[in-house]
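Take a look at the letters that make up each chain.
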Amino acid sequence: MGFLLAHLSDPHIGPLPRPTRRELMGKRITGYVNWRRGRDKAHDMAVLAALVADLRARHPDHVAMTGDIMNIGLPAEFPMARAWLETLGSPQDVSFTPGNHDAYVRASLPHLGATFAPYATGDDGAAGYPYMRVRGPIAVVGLSSAIPRPMFVASGRIGAAQMARAEAMLAEAGAQGLARVVLLHHPPVLAEQRLGRSLIDAAAFEAMIARVGAELILHGHDHRQAVRPIRGPRGGVPVVGVASASLAPAFSCRPAAYHLFEISPDGQGGFHIAGRARGVVGDAAIEDLGPLAL
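Keep in mind that what you see is a predicted model, and the values were worked out from it rather than measured.

Caption draft 1: Quick peek at empty space enclosed by the protein. Counted by the stated rule, this structure contains 1 cavity of 30 Å³ or more. Considering only enclosed or pocket space, the largest cavity measures out at about 60 Å³ in volume. Lining of the largest cavity is provided by Pro187, Glu192, Gln193, Arg194, Arg197, Ser198, Leu199 and Asp222. Looking at the lining of the largest cavity, its residues break down into 2 nonpolar, 2 polar and 4 charged.

Following this line, the structure appears as structure tokens:
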């Protein structure tokens, strides 16, 4: 059996701590109103707990978590988010990249860095983005696309400096013969960008992957399963989005799910990657949802 990598995203954990009036000034008020108007019911913590229990029972070698643990970036949300992340495994076994809800406003950023640093520390001992962590035959390269944005905007950006460092990391990992797995929150496919929810520098990301390559790119943000390729130097590189890890079946046609990837050498200098989805079917327990078309 090859290396088993689990991927989940967008749990939006609750209940939301009671904010002060000062904390609701600015953008947070819209997120708070949305939470009270139905997001609190759509994101079911019992569903999330069942999903995590099922994931842990598969005994993955590593877990990728691509953001939006939180909702409006309140200071009181960060201890809750860290406690939940610890249920997935130790920092050695779990890699984290933040989402736009984790970096909801500028005041969230100091808490974000301090809270998740152990889960975003590279093998060089430096915390922050990008980072590279080698686990077995794979190199996990974590990017942050999470930046505070104006009210009603959920877009993200990687930035030129982070992109350049990530390219160097991917080149290094490729030279070492490792399977390179890129993590970020926003979908990096240029053709799918949507106004107000896009990755602003998706074109630059695609150009970088076309130059240096990767074996697998994982993201969240859209709360849906999606598999599509972008161009690499030796063919298509699969970009895989996952559904929210907590969406209740009664509130979405895309209920909670996570993905499992088995990664193994193909005997020809490359890698064979097989993916499967597991998630909620109706109101039943977590079940196998079938293979991913990588």
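Back to the write-up after that little detour.
Caption draft 2: Here's a closer look at the environment of Asn71. Relative to the helices and strands, Asn71 resides in the loop between strand S2 (62-65) and helix H3 (77-86). For the pair formed by Asn71 and Gly31, sequence separation is 40 residues and the distance between their alpha carbons is 7.2 Å. Every residue in contact with Asn71, bar those within four places of it in the chain, is listed here: His12, Ile13, Leu16, Trp35, Glu77, His101 and Tyr104. Reaching out from Asn71, the side chain makes a polar contact with the side chain of His12 at a distance of 3.4 Å.

Caption draft 3: Highlighting the sheet that holds strand S4 (residues 131-135). Strand order across the open sheet formed by 6 strands is S4-S5-S6-S7-S9-S8, with mixed pairing between neighbours. In this open sheet, the two strands that pair with only one neighbour each are S4 and strand S8 (226-232). Strand-to-strand twist across the sheet, computed as the mean angle between neighbouring axes with direction ignored, equals 25 degrees. Relative to strand S9 (residues 235-241), strand S7 (residues 216-219) is paired through 3 bridges, and the arrangement is parallel. What sits directly across from His219, in S9, is Gly241. Of the strands in this sheet, strand S6 (179-183), S7, S8 and S9 touch helix H6 (residues 202-212), which is tilted by about 60 degrees from S8.

Caption draft 4: Geometry of the pairing of strand S1 (residues 3-8). Across the 6 residues that make up S1, a large majority, 6, are buried. Of the two faces of S1, the one holding Phe3, Leu5 and His7 and the one holding Leu4, Ala6 and Leu8 are both buried throughout. The pairing of S1 with strand S10 (residues 257-265) spans 5 bridges and is antiparallel. The residue bridging His7 from the neighbouring strand is His259, located in S10. The pairing of S1 with S2 spans 4 bridges and is parallel. Counted as the bridge partner of Ala6 is Val63 from S2.

Caption draft 5: Structural view of the sheet that holds S2. Ordered by their spatial adjacency, 6 strands build an open sheet running S3-S2-S1-S10-S11-S12, and the pairing between neighbours is mixed. The sheet is open, and its two edges are formed by strand S3 (94-96) and strand S12 (286-292), each paired on a single side. Sheet twist, expressed as the mean angle between neighbouring strand axes with direction ignored, is 25 degrees.

Caption draft 6: Seen up close, the side chain of Arg133. With respect to the helices and strands, the residue Arg133 is situated in strand S4. For Arg133, the side chain forms a polar contact with the main-chain oxygen of Pro118, separated by 3.3 Å.

Cut-offs used in this document
Residues numbered from 1 in each chain as written. Predicted model: local features only at pLDDT ≥ 70, side-chain atom pairs only at ≥ 80, totals over all residues. Heavy atoms only, no water. 1 Å grid on protein atoms, 1.4 Å probe; cavity = no way out; pocket = protein on both sides within 12 Å on 5 of 7 lines; lining within 4 Å. Points joined across faces, edges and corners; volume = space filled by probe spheres on them. Nonpolar A, V, L, I, M, F, W, Y, C, P; charged D, E, K, R; others polar. Helix = DSSP H or I, 4+ residues; strand = E, 2+ residues; numbered from the N terminus. Contact = heavy atoms within 4.5 Å. Polar contact = N/O pair within 3.5 Å; in protein donor to acceptor, adjacent residues only side chain to side chain. Pairing = 2+ DSSP bridges. Axes fitted to C-alpha atoms, helices over the stretch in contact; angles between N-to-C directions. Buried < 20%, exposed > 50% of the residue type's maximum accessible area, 1.4 Å probe, protein only.

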